[in-house]
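Examination of the molecular architecture
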Amino acid sequence: MARSASDNFFGTFLIASVLHEDPRFYLKEHLSFKQTVKYAAVRVVITRSDSGERVVNFAGLLSPLAGEALANTYYPEGNRDVSSTFIRYGSDLGWRFGGNLLRQYWPSINKKLRLLPPTPEPATIPK
C-alpha cells in the first residue's frame, strides 16, 4: 500500500504537475486485439500533455522508480540493492501495461459477465 501511495504521489501529483502531463489512460474504441496490446504498451511510454500533445510519459516511467527507491527505506536489508529495486520497477511497469489492457477491455468484460447492473436510461422530460 505504501508503494502504491508513493507511486501516486510522485506520478499523479508531483511529476505530472511539474511537467504538465495528463497521466490518465483513455479508452480507444474499435481496436483489434493486436492494436489494443500495442496501444496499452505505448501508453506506458507515451502520454498527452496538458495541451493535448504527445509527450514521453515521464510521470508514468519515473514514479514507479521513485516509489521503489522510497520503498528501500523499509524493505529488509537483502532487498535494498540496485538489482532488487530494478526488478520491482520492471514488474511495476509490467503491471501498468496489464492494467491498461484490463481497462481497455473492462467495459466488454463487465457487459458480458453482468458484474454491475446496467446504467439506467436517462429520464425524459414530459411534454
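Described in the following lines is the structure provided in the data block. Predicted, not measured: the structure shown is a model, and the values here were computed from it. (Residues numbered from 1 in each chain as written. Predicted model: local features only at pLDDT ≥ 70, side-chain atom pairs only at ≥ 80, totals over all residues. Heavy atoms only, no water.)

**Some thoughts on the overall build of the protein**
- Helix and strand counts for the protein stand at four helices and three strands.
- The helix and strand sequence of the protein, counted from the amino end, reads α-β-α-β-β-α-α.
- Principal axes of the C-alpha set define a box for the protein whose edges measure 70 × 35 × 30 Å.
- Across the 127 residues of the protein, 29% fall into the buried class.
- For the protein, the proportion of contacts with a sequence separation of at least 24, taken over those separated by at least 6, is 61%.
- Taken as a whole, the protein presents about 9,300 Å² of accessible surface, with 65% of it coming from carbon and sulfur.
- Seen as two clouds, the 16 positive and the 11 negative side-chain charges of the protein have centres 11 Å apart. (Helix = DSSP H or I, 4+ residues; strand = E, 2+ residues; numbered from the N terminus. Buried < 20%, exposed > 50% of the residue type's maximum accessible area, 1.4 Å probe, protein only. Contact = heavy atoms within 4.5 Å. Areas by Shrake-Rupley, 256 points an atom, 1.4 Å probe, with all protein chains shown as cover. Lys, Arg positive; Asp, Glu negative; His and termini not counted. Charge placed at Lys NZ, Arg CZ, Asp CG, Glu CD.)

**Focus on the sheet that holds strand S3 (residues 54-56)**
- Read from one edge of the open sheet, three strands run S1-S2-S3, paired in antiparallel fashion. Edge positions in the sheet fall to strand S1 (21-22) and S3, since each of these pairs with one other strand and no more.
- Of the strand pairs in this sheet, strand S2 (residues 46-49) and S3 are connected by three bridges, and their pairing is antiparallel. By the bridge assignment for S3, isoleucine 46 is matched with valine 56.
- Set on the sheet, helix H2 (residues 33-45) makes contact with S2 and S3; between it and S2 the angle comes to about 60 degrees. (Pairing = 2+ DSSP bridges. Axes fitted to C-alpha atoms, helices over the stretch in contact; angles between N-to-C directions.)

**Let's talk about the pairing of S2**
- Of the strand pairs in this sheet, S1 and S2 are connected by two bridges, and their pairing is antiparallel. Note that in S2 the partner of glutamate 21 across the bridge is serine 49.
- Connecting S2 to the next strand, S3, in antiparallel fashion are four residues, including glycine 52 with a positive phi near 95 degrees.

**Looking at helix H1 (residues 2-19)**
- Given a rise of 1.5 Å per residue, 18 residues ought to cover 26 Å, and the 24 Å separating the end C-alpha atoms of H1 matches this to within 8%.
- Considered for burial, the residues of H1 that qualify are Ser6, Asp7, Phe10, Gly11, Ile15 and Ala16.
- On its buried side, H1 packs onto S1, helix H3 (58-71) and helix H4 (82-113).
- Backbone geometry just after H1 places histidine 20 at a positive phi near 55 degrees. (Expected span 1.5 Å × (residues − 1).)

**Observations regarding the environment of lysine 38**
- Here lysine 38 lies in helix H2.
- Using a relative accessible area of 59% as the deciding quantity, one classes lysine 38 as exposed.

**Quick word on a nonpolar patch on the surface**
- The grouping of Phe9, Phe13, Leu14, Val18, Leu19, Val56, Phe58 and Leu62 at the surface amounts to a nonpolar patch, some 710 Å² of accessible area in total.
- The element contributing the most residues to the nonpolar patch is H1, with five residues.
- Residue position: valine 56 is located in strand S3. (Patch = residues over 30% accessible without salt bridge, like charges linked within 9 Å, V, L, I, M, F, W, Y side chains within 5 Å. Salt bridge = Lys/Arg side-chain N within 4 Å of Asp/Glu carboxyl O.)

**Regarding the side chain of aspartate 22**
- Note on placement: aspartate 22 falls in strand S1.
- Judged by its relative accessible area of 13%, aspartate 22 is buried.
- For aspartate 22, the side chain forms a polar contact with the side chain of tyrosine 26, separated by 2.7 Å.
- In contact with aspartate 22, not counting residues within four places along its chain, are Thr47, Arg48, Ser49 and Asp50. (Polar contact = N/O pair within 3.5 Å; in protein donor to acceptor, adjacent residues only side chain to side chain.)

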